[in-house]
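Reading the structure
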Amino acid sequence: MDFTLEQIQRVIEEIQTQAEVDRRALAKRRVDIYRDGGKPFLIEKILREFGPDALAEMRVTPINLLKKIVDKRAAVYKRPPTRTCKLPNDQALVDYYVAELCLNQVMQKANRYLVLSSNTAVYVRPCENEIKIDVVPSYLYSVIANPYDRSKIEAFIFSAFTQEGQVASQDSTPSATGQQGFSEERSFRYQGDLVASREKSSDQRAEQYIFWTDSVHFTTDSNGAKYADPAQGEEQFINPIMNMPVVNIARDRDNETWATQGEDMVDLTMSIQMGWTDLMTIAKHQGFSILTIVSEEEPKKLQIGVNRAVWLKVNPQGPQPSISYVQGQSPLAQYKDLLMELLALLLTTNNMDPGSIGGQKTTQQYTSGFHALLSMADSLEAVESDKPIMLDAEREIWEKIVLWHNWMFDTNQLEPEARLLGKFSDSFDVNIQFADIKPLESEDERIARVKGLMDMGLITRMDALKKLQPDLTDEQADAKLKAIDDEKAGNVAKAQAMFAPPAQEPIVEPVDDQEQEDPANQGV
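Remember, it's a predicted structure, so these values are computed and weren't measured experimentally. (Residues numbered from 1 in each chain as written. Predicted model: local features only at pLDDT ≥ 70, side-chain atom pairs only at ≥ 80, totals over all residues. Heavy atoms only, no water.)

**What to know about the overall build of the protein chain**
Heads up, the rule is: A run of H or I in DSSP counts as a helix once it spans at least four residues, and a run of E counts as a strand once it spans at least two, with each numbered from the N terminus. Whether a residue is buried, partly exposed or exposed follows from its accessible area with a 1.4 Å probe, protein chains only, as a fraction of its type maximum: under 20%, in between, or over 50%, in that order. Whether two residues are in contact is decided by their heavy atoms, any of which lying within 4.5 Å being enough. Residue-level accessible areas treat just the shown protein chains as cover; the underlying method is Shrake-Rupley with a 1.4 Å probe.
Looking only at helices and strands, the protein chain has 15 helices and 14 strands in total. The buried share among the 524 residues of the protein chain stands at 36%. Long-range contacts, defined here as pairs at least 24 residues apart, represent 66% of the contacts in the protein chain between residues at least 6 apart. Of the roughly 32,400 Å² of accessible surface on the protein chain, 52% is carried by carbon and sulfur atoms.

The following block contains the structure:
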């Protein structure tokens with residue numbers, strides 16, 4: 001796909017429309033909440049329901065259940081897969097890039113963004129004589145889909161996105177103490193700032209747009225004008241590998257561009273945060289009694305209680321003045337039970353055991369590894385369903401790595417360490433094997449299973465030791481078996497020495513005192 005100036009301007013104009021801004025804002029909302037940045041959204045909901053005066057008195061409780069759910073479900077790369085190639089040179093390059101790119105960590109992050117947003121992208125690109133790889137959340141790019149199959153992406157456009165004005169600020173909210181304090185909200189940094197704090201970027205370079213297709217690559221400003229090197233011609237806008245360097249990772253879309261699953265995790269997380277905020281606030285106010293004064297004349301000064309006392313004016317002919325403490329009563333236990341039921345529904349609908357997360361002090365006890373496996377069946381099924389998606393994604397990523405490596409090798413742009421390994425072969429293929437998920441076993445169960453195999457004569461002592469201690473090498477296992485045999489032999493010798501009968505002393509025949517006469521002298 002080639003772009004004229006008019007087409008580029010039309011694309012940028014559509015990216016700036018409210019529909020696309022709303023999509024990106026909702027996608028960023030998911031990521032912000034996942035990254036423990038959900039407090040502004042919780043404050044926004046409180047302000048809409050109660051106003052700033054109530055917010056100053058509330059115990060805001062931004063419990064991040066979303067992060068726990070996502071991290072527990074995104075477990076495809078929890079145990080790194082094995083990657084094997086037929087040719088030794090290809091294997092050496094694969095091992096080099098797995099370590100150099102931290103590929104297992106990158107793919108684990110991509111798996112988490114897939115669970116979180118159902119859409120993410122992995123961007124493979126050259127940078128300063130190296131290959132870089134980035135996992136890009138869906139709010140940082142827009143796409144152009146194939147008009148006939150909208151699940152196929154023909155162009156990616158990367159651009160920065162800030163939500164300035166999207167979330168209500170806390171600046172104007174009065175504090176409970178009445179003292180003016182600093183805002184807890186993030187400020188915005190500008191071009192030229194040297195010190196990086198917890199700021200959102202409002203750099204005008206966010207108006208840059210990076211276009212990628214199979215055939216072209218260029219960067220433009222907000223007017224669609226390309227940034228170009230005057231010393232080069234149109235060839236500088238050609239994609240050198242003639243292949244999209246972006247891998248789109250998404251769930252089922254049914255001929256749609258964007259997958260929409262997972263919104264319930266965010267909404268229910270926010271509902272639970274709001275519920276716990278209400279519960280904590282009710283408990284705070286209910287825990288303190290309010291001084292109540294009933295009199296004809298208003299007291300001159302009221303500074304009793306948490307922040308205030310209540311004065312109830314009466315007529316002169318009314319009841320006698322009185323002073324008392326009033327304490328509210330609210331069904332906190334029922335509120336808590338309701339929140340815990342909502343939490344259980346949230347976990348169940350996301351293929352997780354409700355007993356794995358909860359507000360109870362006790363943890364779930366399993367009677368056996370099989371019991372634990374049954375309890376985890378739904379979450380394991382969710383992990384298994386993600387494996388084909390992540391497998392296809394990693395294969396595409398290796399395709400991009402091979403193309404960039406060989407192009408940089410041919411153009412002498414590759415760093416020396418990678419260049420010494422040569423090029424990927426034309427027949428490159430990598431076999432990616434994920435680790436199988438096995439039932440959990442207790443120590444007693446594992447020992448009993450190995451003992452049963454030995455009793456049936458199906459494994460040797462070496463096999464049994466390797467099953468019980470899989471980290472041992474053959475040499476270490478052989479040495480340990482020899483040490484065990486030597487110790488047994490020593491123990492047998494000690495036992496024999498301990499229980500053997502005492503040695504008998506030799507019997508000495510008594511000797512006659514009279515010297516016997518030599519038979520030869522007899523008869524003389």
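Continuing now.
**Concerning the pairing of strand β10 (residues 246-250)**
Within a regular beta strand, the side chains point alternately toward one face of the sheet and then the other, so they alternate between its two faces. Under the convention used in this document: For two strands to be treated as a pair, DSSP must find no fewer than two bridges joining them.
Of all 5 residues in β10, 4 are buried; the element is thus mostly enclosed. Where strand β2 (residues 119-127) meets β10, 5 bridges bridge the pair, whose relative direction is antiparallel. Note that in β10 the partner of V122 across the bridge is V247.

**Details of the pattern of salt bridges**
Quick reminder of the rule: By salt bridge we mean one thing: a side-chain nitrogen of Lys or Arg within 4 Å of a carboxyl oxygen of Asp or Glu.
Going through the model one piece at a time under the given rule, you end up with 19 salt bridges. Residues D71 and R112 are paired through a salt bridge, measuring 3.4 Å at the closest nitrogen-oxygen approach. Placement of D71 in helix α5 (residues 65-73) and of R112 in helix α7 (residues 103-117) is noted, with a sequence separation of 41 residues between them. According to the relative accessible area criterion, D71 is partly exposed, its value standing at 24%. What makes R112 partly exposed here is its relative accessible area of 24%. With a closest N to O distance of 3.2 Å, K451 and D455 form a salt bridge. Remark: D455 and K451 occur in helix α13 (residues 443-455); sequence separation between them is 4 residues, near one turn of the helix. Each of the salt bridges in this network shares a partner with another, and the network as a whole consists of R29, R30, E263 and D267.

**Points about the nonpolar core**
The condition that has to hold: Think of a nonpolar core as a cluster: buried Ala, Val, Leu, Ile, Met, Phe, Trp, Tyr and Cys residues, connected wherever their side-chain atoms sit within 4.5 Å.
Of all hydrophobic cores here, the largest spans 84 residues; its most connected members are Y97, F156, W398 and I401. The element best represented in this core is helix α11 (residues 377-410), accounting for 11 residues. The contacts of Y97, once residues within four sequence positions are left out, are C102, L103, I131, W398, I401, H405, L414, A418 and F424. Grouped together as the second largest cluster of nonpolar side chains are 12 residues, I12, Y209, V216 and F237 included.

**Regarding unusual backbone geometry**
Of note, S118 is a non-glycine position whose phi angle comes to about 65°, a positive value. Note on placement: S118 falls in the loop between α7 and β2. What makes S118 buried here is its relative accessible area of 1%.

**Overview of the sheet that holds β10**
The criterion, for reference: Orientation is described by lines fitted to C-alpha atoms, with helices fitted over the stretch in contact, and by angles between N-to-C directions that extend from 0 to 180 degrees.
Across the sheet, which stays open at both edges, the 3 strands sit in the order β3-β2-β10 with antiparallel pairing between neighbours. At either end of the open sheet lies a strand with only one pairing partner, and these are β3 (130-137) and β10. Sheet twist, expressed as the mean angle between neighbouring strand axes with direction ignored, is 20°. For β2 and β3, the ladder comprises 8 bridges, and the chain directions are antiparallel. In the strand pairing of β3, Y123 is matched with D134. Packed onto the sheet, α7 meets β2, β3 and β10 and runs at close to 20° relative to β3.

**Description of helix α1 (residues 5-15)**
To keep things clear, this is the line we draw: In this description, one arc is meant: the one made by directions from the helix axis to the C-beta atoms.
Within α1, burial applies to I8, V11, I12 and I15. The arc that holds every buried residue of α1, seen down its axis, measures 95°, which confines them to one face. Exposed side of α1, more than 90 degrees from the buried face: E6, R10 and E13 are the residues found there. Contacts from the buried residues of α1 go to α2 (18-34), β4 (141-145), β5 (153-158), β8 (209-212) and β9 (217-220).

**Concerning the confidence of the model for the protein chain**
Convention followed: The pLDDT value tells you how sure the predictor is about a given residue, anywhere from 0 up to 100.
Taken as a whole, the protein chain shows an average pLDDT of 79; of its residues, 74% reach a score of 70 or greater. In the model, residues 164-184 has pLDDT below 50 throughout and makes 25 contacts with residues more than four positions away in sequence or in other chains. A low-confidence stretch, residues 358-378 (pLDDT under 50), is modelled with 23 contacts involving residues beyond four sequence positions or located in other chains.

**Description of the packing of α2 against α7**
Keep this limit in mind: Here the word oblique covers every angle except those under 35 degrees (roughly parallel), over 145 (roughly antiparallel) and from 65 to 115 (roughly perpendicular). Handedness of a crossing is defined here by the sense of rotation of the near helix relative to the far one, left-handed for an anticlockwise turn of less than a right angle and right-handed for a clockwise turn. Under the scheme applied, nonpolar residues are Ala, Val, Leu, Ile, Met, Phe, Trp, Tyr, Cys and Pro; charged residues are Asp, Glu, Lys and Arg; polar residues are all the others, including Gly.
Two elements in contact, α2 and α7, have axes separated by 10 Å at closest approach and are oriented at 120°. Taken together, the axes of α2 and α7 are oblique relative to one another. Handedness of the α2/α7 crossing: right-handed. When α2 is examined against α7, the residues R30, V31 and Y34 are found in contact with a partner set consisting of R112, Y113, L116 and S117. Looking at the contact of α2 with α7 residue by residue, the class counts come to 4 nonpolar, 1 polar and 2 charged.

**Details of the packing of aromatic side chains**
Selection rule: For Phe, Tyr and Trp, rings pair up if their centres lie within 6.5 Å, where Trp contributes its six-membered ring, and each pair is then called stacked (planes under 30 degrees apart), edge-to-face (over 60) or tilted (otherwise).
Enumeration over the complete set of coordinates arrives at 16 aromatic pairs. Between W212 and W404 the ring centres are 6.4 Å apart and the planes differ by 85°, which places this aromatic pair in the edge-to-face class. Taken together, the residues W212 in strand β8 and W404 in helix α11 connect sequence positions 192 residues apart. Here W212 and W404 have matching classes, each one buried.

**Comments concerning the environment of L472**
On the secondary structure map, L472 appears in the loop between α14 (461-468) and α15 (474-499). Among the residues examined, L472 registers a relative accessible area of 18% and is labelled buried. Residues in contact with L472, not counting those within four places in the same chain, are L465, K466, A477 and K480.

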